[in-house]
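Given next are the chains, with one letter for each unit.
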Amino acid sequence: MTSLQLNIDAPEGAATYFADVALPLPIPQLFTYRIPSEFLELVKPGIRVIVSFGRQKVVTGLVDAVHEKAPEVYTAKPILDVLDAEPLVTTQQIGMMKWMSNYYLCTYGEVLNAALPSGLKLSSESKIQLHPHYDWNETDLPLDDKEVILLSALENKDALSYREAADVLELKSAYRYIKSLVQKELIIIYEEVKERYKPKKIKKIRLHGDYLAQEDMLDELFQELEKKPKQSDLLLFYLREVPVFQQPQLNQSGIAKSAFTDAGLSASSLKTLVKNEILVEFEKIISRFEEENQEEPLEIELSDIQQQAQAAIFDHFKDKATVLLHGITGSGKTEIYISLIQQALDSGQQVLYLLPEIALTAQIVNRLKKVFGDRMGVYHSKFSDNERVEVWYGLMEGRFDFIVGVRSSIFLPFSSLGLLIVDEEHETSYKQFDPAPRYHARDVALFLAHLHNAKTILGSATPSLESYTNAQQNKYGLVELFQRFNEASLPQMSLANLTQEKKRKTNVGEFTSVLIEAIGQVLDNKEQAIIFQNRRGYSNYLTCEDCGYIPDCPRCSVSLTYHQYKNQLNCHYCGHKDAVPLVCPACGSTKVHTVGIGTEKIEEELKLLFPKARVQRMDLETTRAKYAYQNIIHDFEKGEIDILVGTQMVSKGLDFDRVSLVGVFDIDRMLYFPDFRSYERAFQMVTQVSGRAGRRDTEGKVIIQSRNPDQGIIELIQQGDYHTFYSREMAERNKYHYPPFTRMIHLLIRSKDKKLTKEAAQKLANILKEDMGGSRVLGPQEPLINKIRDKFLMDVFLKIEKKYKMEAVKDLIKNAQLELLKIKDLKSVEVVVDVDPY
């Protein structure tokens, strides 16, 4: 807990110093605070401080600069307290955050809020206490019974939170009585500031030091305990566990208190020995991460082809900071990464290994732990606040020099970063969409590497068109691997025509006979299958057969998705939930049925088709718990699941020995999505998920279901022909002026008033067209989903040629936003800027 220190004045005649402080709030500027004299030596850039903001808000700020210039338009408030002895944020981190604020057109505070784990930001809680200048027992003011109960409780306790006050009164809320007592000046309200991060502690026991001085004292003690066998047993247990006379230094560490109860010894007798100062109870701070008891690290041996690839990477690093490693699925990119990481660590450098999302970390972390042990830290959003803070401190203190994590890992305090690896660099999961900063971790990683003068490897079996173009233009080095590790064969791809099968009536629902037969064969061979469908839920929506009614979200312009296992309708945009109607709410008909198919329905139908098979689903619903990913992957690895049904989670770099079949349930849905990147995404996703089949000794098979299998893109996917795909797609992008030939910025205009939203979007577009030219400004137009969370949406897109200076474009956007703010009726309209939106 931190006590607030107010009204601190500098000594008369001494210079007054100020600190520019960044606050983790969406405000455009830094705030200047006065540095009290006793904090002068402590306050420096990168230090966290407690400051007041607004009337009652107390927040954690980050010092950006120290100077002697007072603010001109407001009186500087004093810094209330200093939280760190040394900077918690490095100069490189501050530089990166400022760059992100400028590049992604958001505030520094928004970047800071994303960068700092919640555990490093203070929380403040309102508390009440008795008024120090008034005695309620002597008041003539009328008090009801509840007020008396509350005041009596405060006599016995220094302070109460609002929740504790409600508990005392046995009410849901005590606000009414708190407000009344404040008005009567019998209590006061104040803000108590707390550190969110709490180190993990365990209780331990050791022998009192007096008994180590003379061995005969211990003999006398045992004689005293002869008639107290439970206490004697406890003491003997401790001496067996800790040989204090052979190794006295071990007594300082003691043993966990839980060891006594685990051994079946008396807890009350232990308490007595502590009370009588024979044993000492103490607390010790420990890591939240399990220590690995590993004697020798696992050695990685590269094949000849992998050694050649590694040599090529080093050759490129002589004159390039970034290398694109384009290796087909199963080519052994991970082994090359491990070798490069080992060499970087051996040279005293730090390493950051980025993965697109948590689904991929579970399996790969286990592999990396066997090689790097406890010097490796893992960082992702499923960790608690405290766990993330421990990784932050662990990196600063040198406990970790190698971090594996998702996109937020780029914010960690590296001091000697030498190598960054961005695995599956094409993945959309690296893009942060909401809230700001709307950054792409791959691109920020490249800037982070530049700040540290580090090297970067971008790895993928299906590189993004932007990265491959940079390699073709010689901005990046390019190393390609087109052979699977250990000469494993690529899976055989075949197409299943759903349209023809429906005509012949050989299908079962949305399953072709080809896919059903292949699954049956896999089960007969005691192998495993993955079925990929990039839509979660049971079905797309419900509809009434008679009147056509479709339940939709009252807050968003989308139909509600049916989830059978919850028996409810869900909105995947705002979280709204509705009960499933037994009859049509519009006409009363009972003919209400589902349309479309999601992972949940596929799981159900597979269980009906193959009743003896063990079927498991892996999507957002089944992986919400902290270790849900790991548990499902572990069960699949152990052969305890026969068929795994999943969304894009199953496509991300997982490696399973027994998988011999991958079924792509509906490729058409990906290909026909209204997005200029739909073919690129489909090629990447299907290629990636296909790579899960046929690893090691098992020859794989991939079946792609389509209603129109004669499309050229499907043929390229089937052939695995990335180069032809790249050439065709680039010609199409060039023709219609899409990235990587242009840069794009998306402006989303939203408000609760549909008319105002349209008016603001039109006004914004007109201003930008006047400044930039009509050909570069697309819109305004309504998006496919034009209402989310009760706010109506309009889109404006900017296409900017590469020769254009982005700084100038961003200035025009800022000016256009300011012009909107001048119009009184449009002040409530929000403009969200997303740079590089795809």
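Each value, and the rule that gives it
- Residues numbered from 1 in each chain as written.
- Predicted model: local features only at pLDDT ≥ 70, side-chain atom pairs only at ≥ 80, totals over all residues.
- Heavy atoms only, no water.
- Pairing = 2+ DSSP bridges.
- Helix = DSSP H or I, 4+ residues; strand = E, 2+ residues; numbered from the N terminus.
- Axes fitted to C-alpha atoms, helices over the stretch in contact; angles between N-to-C directions.
- Contact = heavy atoms within 4.5 Å.
- Expected span 1.5 Å × (residues − 1).
- Buried < 20%, exposed > 50% of the residue type's maximum accessible area, 1.4 Å probe, protein only.
- Salt bridge = Lys/Arg side-chain N within 4 Å of Asp/Glu carboxyl O.
- Arc of directions from axis to C-beta.
- Phe/Tyr/Trp six-rings, centres within 6.5 Å; stacked < 30°, edge-to-face > 60°.
- Parallel < 35°, antiparallel > 145°, perpendicular 65-115°, else oblique.
- Nonpolar A, V, L, I, M, F, W, Y, C, P; charged D, E, K, R; others polar.

In space, the five strands of this open sheet follow the order S2-S1-S4-S3-S5, with antiparallel pairing throughout. The open sheet has two edge strands, strand S2 (31-34) and strand S5 (81-82), and neither has a second partner. Pairing geometry for strand S1 (residues 18-22) and S2, over four bridges, is antiparallel. Pairing of Val21 across the sheet is with Phe31, part of S2.

In this section: the sheet that holds strand S26 (residues 615-618). With parallel pairing, six strands are arranged side by side in an open sheet as S19-S29-S28-S20-S27-S26. Looking at the sheet topology across the chains shown, the edges are occupied by strand S19 (492-497) and S26. When the angles between neighbouring strand axes are averaged without regard to direction, this sheet yields 20°. With five bridges connecting them, strand S20 (residues 528-532) and strand S28 (residues 659-664) associate as parallel partners. The residue bridging Phe532 from the neighbouring strand is Val664, located in S28. Sheet strands touched by helix H20 (residues 599-609): S20, S26 and strand S27 (643-646). Its angle to S26, the strand with the most contacts, is close to 175°.

Moving on, we get to helix H19 (residues 513-524). With 12 residues, H19 extends 16 Å between its outermost C-alpha atoms, agreeing within 8% with the 16 Å of an ideal straight helix rising 1.5 Å per residue. Taken together, the buried positions of H19 are occupied by Leu515, Ile516, Ala518, Ile519, Gly520, Val522 and Leu523. Turning to H19, the residues buried within the fold contact S20, H20, S27, S28 and strand S29 (701-706). With its phi angle positive at about 60°, Lys526 sits one or two positions after the end of H19.

Here the focus is the pattern of salt bridges. Counted by the stated rule, this structure contains 33 salt bridges. Of the charged contacts in the structure, one is a salt bridge between Asp836 and Arg743, with a shortest N-O distance of 3.5 Å. Residue Asp836 is found in the segment after strand S34 (830-835), and its partner Arg743 is found in strand S30 (residues 742-751); the two are separated by 93 residues along the sequence.

As a further point, take helix H11 (residues 267-275). Of the residues making up H11, those classed as buried are Ser269, Leu270 and Leu273. One side of H11 holds all its buried residues, which, seen down the axis, span an arc of 105°. H11 presents Ser268, Lys271 and Lys275 as exposed residues on the side facing more than 90 degrees away from its buried surface. Phi turns positive one or two residues past the end of H11, at Glu277, with a value near 60°.

Overall, the coordinates contain 19 aromatic pairs when judged by the stated rule. Aromatic side chains Phe511 and Phe665 sit 4.9 Å apart centroid to centroid with 75° between the ring planes, which places their arrangement in the edge-to-face category. In this pair, Phe511 is assigned in the loop between helix H18 (498-504) and H19 and Phe665 in the loop between S28 and helix H22 (667-671), connecting sequence segments 154 residues apart. The exposure class of Phe511 is buried, given its relative accessible area of 0%. For Phe665, a relative accessible area of 3% puts it in the buried group. Within the aromatic cluster, the residues linked to one another by ring pairs are Tyr468, Phe683, Tyr722, Phe725 and Tyr726.

In this section: the packing of helix H3 (residues 145-156) against helix H5 (residues 175-183). The contact between H3 and H5 brings their axes to 10 Å, and the two run at 80°. In this view, H3 runs roughly perpendicular relative to H5, as classed from their interaxial angle. Taken together, the residues of H5 that come into contact with H3 (itself represented by Lys146, Glu147, Leu150 and Leu151) are Tyr177, Ile178, Ser180 and Leu181. Taken together, the residues of the contact of H3 with H5 sort by class into five nonpolar, one polar and two charged.

Here the focus is unusual backbone geometry. A cis amide bond, omega 0°, links Ala436 with the succeeding residue Pro437. Mapped onto the fold, Pro437 is located in the loop between strand S16 (417-423) and helix H16 (441-452). The omega torsion of the bond from Gly779 to Pro780 falls at 10°, within 30 degrees of zero and hence cis. Structurally, Pro780 is set in strand S31 (residues 777-781). You will see that Leu105, though not glycine, has its phi angle at about 50°, which is positive. Tracing the backbone through its elements, the reader meets Leu105 in the loop between helix H1 (91-103) and helix H2 (108-115).

This part is about the environment of Val479. Within the secondary structure, Val479 is located in strand S18 (residues 477-481). Between the C-alpha atoms of Val479 and His326, which are 153 residues apart in sequence, the distance is 6.1 Å.

This part covers the side chain of Thr90. Within the secondary structure, Thr90 sits in the loop between S5 and H1. Excluding its chain neighbours within four sequence positions, the residues that come into contact with Thr90 are Pro413 and Phe414.

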